[in-house]
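Overview (structure and organization)
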Number of protein chains: 2
Amino acid sequence: VRPQLGENIGMAARAMRNFGLRDLRIVAPRDGWSEGSTAMQAAADAAAGADGIIRAARVFEDVAGAIADLHCVYATTARERGQSKPVLTPAAAMPAIIAANAAGQRAGILFGAERTGLGNGDVSLADAIISFPVDAGFASLNLAQAVLLVAYEWRRQAVDPTAPVRSPEPGRPAQRASLAALLAYVEAELAAAGFYKPPEKAEDMKINFRNILHRRGLEEQDVRTLMGVFRALRGRRQAR
Amino acid sequence: VRPQLGENIGMAARAMRNFGLRDLRIVAPRDGWSEGSTAMQAAADAAAGADGIIRAARVFEDVAGAIADLHCVYATTARERGQSKPVLTPAAAMPAIIAANAAGQRAGILFGAERTGLGNGDVSLADAIISFPVDAGFASLNLAQAVLLVAYEWRRQAVDPTAPVRSPEPGRPAQRASLAALLAYVEAELAAAGFYKPPEKAEDMKINFRNILHRRGLEEQDVRTLMGVFRALRGRRQAR
């Protein structure tokens, strides 16, 4: 709502795109908005790979027009507004938004201008207020950061929250025979080096070392790496 | 780790401060770091009210030095790294970090340089990887945004998650007598205006209107506002 700098509009578009939101509506941008205008170009440049959101953005003269087709509206604010509306964190607001979407309703989030935020007239059109759980002594978030946090929270809760984060290809866990061969090698070498002293502690010392190796969830490649490490150390000891 | 621009260090400090984190450690900043240096000044300027974090920041030559006193370390990465470590979202990583803190242990989060991120050597020193649940087609977050999301998630989970967001002073709920007076006024005026037709529907029409008023959780001030609205409309009708 009434953003000042095209660059900030572009950064907000990036934040939306990061978390899969696409429908950007701009109310009364200070420097205007038309194909080829400086403001739109600055926004598209700042948006980088999210410039599709900029080009598809719709511009409205006022908030009422921008939210006309929506079913629920939240206003983000940094400060108390003295309006008797529920004030929610992004995390607390999101379940109702997701439920509205699931019921075929459209929800919108209002973000205010860079320095001044939303006006009381804008906030009066919202069902509830979203406020960020910031440190009371340092509450200022810039426009793109506020968009980023709401978009993050939406995606965190909406997009299959049970899905694991993409994960590296798991390596092949070490077969026990590989571990046993490694242990046999190391224990024989340690015995030859006179490591197990006093003899009555030998079994405990072996168990401690075996526990370390088994605790790590070692993969086949790890066992090969360790075998190389131990062989190299043994070679160095013999060379001295 | 190896940040390029002082401005980005400053923005990262702001993001930390927003959510109550304070211990910033900088590894091998590209443009150096000393009192009065251009890089430190640019960082302090960008940090604005968070410049205390900049001035208290410690600088290290390498990651190993920066994390020496920590007990658990997480590396933030945008892409797969082919290292067989757990890959967690910020939300999934945070419970272990909070538990470590509660046990008197120190946890650290590594963030890489602006374009290149963390090197594999840096990641190898971490216990686990934190990756952001971004849209796969648009994964790029800038440094301050990555810091912002981790700091937000920390605060969301760590700082009394049951505390309500700061809320406006609740208004005084309307006493039933105020509502009853409002209804009596409106119903009498509507009856005089011939609104309740046909007469056998009158009771349902009254109930519908009463339900609307009672559904809103009206406050004393709201009732006064509505009474003014209805009186004004009645005046207008009489004037025609």
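Everything in this summary refers to the structure shown in the same document. (Residues numbered from 1 in each chain as written. Chains lettered and ligands numbered in written order. Predicted model: local features only at pLDDT ≥ 70, side-chain atom pairs only at ≥ 80, totals over all residues. Heavy atoms only, no water.)

1. Overview of the packing of aromatic side chains
A complete count under the given rule lists seven aromatic pairs over all chains for this structure. Here the aromatic rings of Phe19 of chain A and Tyr152 of chain A are separated by 5.6 Å at their centres, their planes lie at 75°, and the arrangement is edge-to-face. Highlighted residues: Phe19 of chain A in the loop between helix H1 (6-18) and strand S1 (25-27) and Tyr152 of chain A in helix H7 (residues 143-158), separated in sequence by 133 residues. The exposure class of Tyr152 of chain A is buried, given its relative accessible area of 0%. What links up through ring pairs into an aromatic cluster is the set Phe19 and Tyr152 of chain A together with Phe19 and Tyr152 of chain B. Directly above the ring of Tyr185 of chain A sits Arg231 of chain A, whose terminal nitrogen or CZ lies 4.9 Å from the centroid. Residue placement shows Lys206 of chain B over the ring face of Tyr196 of chain B; its charged tip is 5.1 Å from the ring centre. (Phe/Tyr/Trp six-rings, centres within 6.5 Å; stacked < 30°, edge-to-face > 60°. Helix = DSSP H or I, 4+ residues; strand = E, 2+ residues; numbered from the N terminus. Buried < 20%, exposed > 50% of the residue type's maximum accessible area, 1.4 Å probe, protein only. Lys NZ or Arg CZ within 6 Å of the ring centre and 35° of its normal.)

2. Quick notes on helix H8 (residues 176-192) of chain A
Residues and elements named next belong to chain A. Taking 1.5 Å of rise per residue, the 17 residues of H8 would be expected to cover 24 Å, and the 24 Å separating its terminal C-alpha atoms lies within 8% of that figure. Here H8 has its buried residues at Ser178, Leu179, Leu182, Leu183, Tyr185, Val186, Glu187 and Glu189. Remark: Gly194 follows H8 within two positions and exhibits a positive phi of approximately 75°. (Expected span 1.5 Å × (residues − 1).)

3. Looking at the sheet that holds strand S5 (residues 107-110) of chain A
Residues and elements named next belong to chain A. Taken in spatial order, the four strands make up an open sheet running S4-S6-S3-S5, and their pairing is parallel. Since the sheet does not close on itself, it has two edges, and those belong to strand S4 (87-88) and S5, each with one partner. Where strand S3 (residues 72-76) meets strand S6 (residues 128-130), three bridges bridge the pair, whose relative direction is parallel. Bridge assignment links Ala75 to a residue of S6, and that residue is Ile129. Across the face of the sheet, helix H5 (residues 90-102) comes into contact with S3, S4, S5 and S6 while running at roughly 160° to S3. (Pairing = 2+ DSSP bridges. Contact = heavy atoms within 4.5 Å. Axes fitted to C-alpha atoms, helices over the stretch in contact; angles between N-to-C directions.)

4. Digging into the side chain of Glu187 of chain A
By the secondary structure assignment, Glu187 of chain A is in helix H8. Within polar-contact distance, the side chain of Glu187 of chain A engages the side chain of Arg210 of chain A at 2.9 Å. (Polar contact = N/O pair within 3.5 Å; in protein donor to acceptor, adjacent residues only side chain to side chain.)

5. So, the nonpolar core
Ranked by internal contacts, the top residues of the largest apolar core, which has 82 residues, are Ile54 of chain A together with Leu24 and Ile54 of chain B. Non-local contacts of Ile54 of chain B, meaning those with residues more than four positions away in its chain, are made with Ile9, Gly10, Ala13, Leu24, Trp33, Met40, Ala43, Ala44 and Ala47 of chain B. (Core = buried A, V, L, I, M, F, W, Y, C linked by side-chain atoms within 4.5 Å.)

6. A few points about the interface of chain A and chain B
Each partner contributes residues to the interface: chain A has 46 residues there, and chain B has 46 residues. Around 3900 Å² of area is buried between chain A and chain B when both sides are counted, 54% of it from carbon and sulfur atoms. Counting the contacts that link chain A with chain B gives four salt bridges. For the interface between chain A and chain B, the tally reads twelve residue pairs in polar contact (both at pLDDT 80 or more). Elements that contribute at least two residues to the side of chain A that touches chain B include exactly H1, S4, H5 and H7 of chain A. The greatest single-element share of the side of chain A that touches chain B, amounting to seven residues, is contributed by H7 of chain A. Here the side of chain A that touches chain B is composed, by residue class, of 20 nonpolar, 13 polar and 13 charged. (Buried area = accessible area lost by both parts, 1.4 Å probe. Salt bridge = Lys/Arg side-chain N within 4 Å of Asp/Glu carboxyl O. Nonpolar A, V, L, I, M, F, W, Y, C, P; charged D, E, K, R; others polar.)

7. What about the relation of the copies chain A and chain B?
Once turned by 180° and shifted 0.0 Å along the axis, chain A lies on chain B with an RMSD of 0.0 Å. What we have between these two chains is a two-fold relation. (Least-squares fit on C-alpha atoms with pLDDT ≥ 70 in both.)

8. So, the packing of H7 of chain A against helix H7 (residues 143-158) of chain B
Remark: H7 of chain A packs on H7 of chain B, axes separated minimally by 11 Å, with the N-to-C direction vectors making an angle of 60°. Taken together, the axes of H7 of chain A and H7 of chain B lie oblique to each other. Once H7 of chain A is placed against H7 of chain B, the crossing between them reads as right-handed. Between H7 of chain A and H7 of chain B, the residues in contact are Gln145, Leu148, Leu149, Tyr152, Glu153 and Arg156 of chain A and Gln145, Leu148, Leu149, Tyr152, Glu153 and Arg156 of chain B, respectively. (Parallel < 35°, antiparallel > 145°, perpendicular 65-115°, else oblique. Left-handed = near helix turned anticlockwise from the far one by under 90°.)

Purely geometric numbers; function is a separate question.
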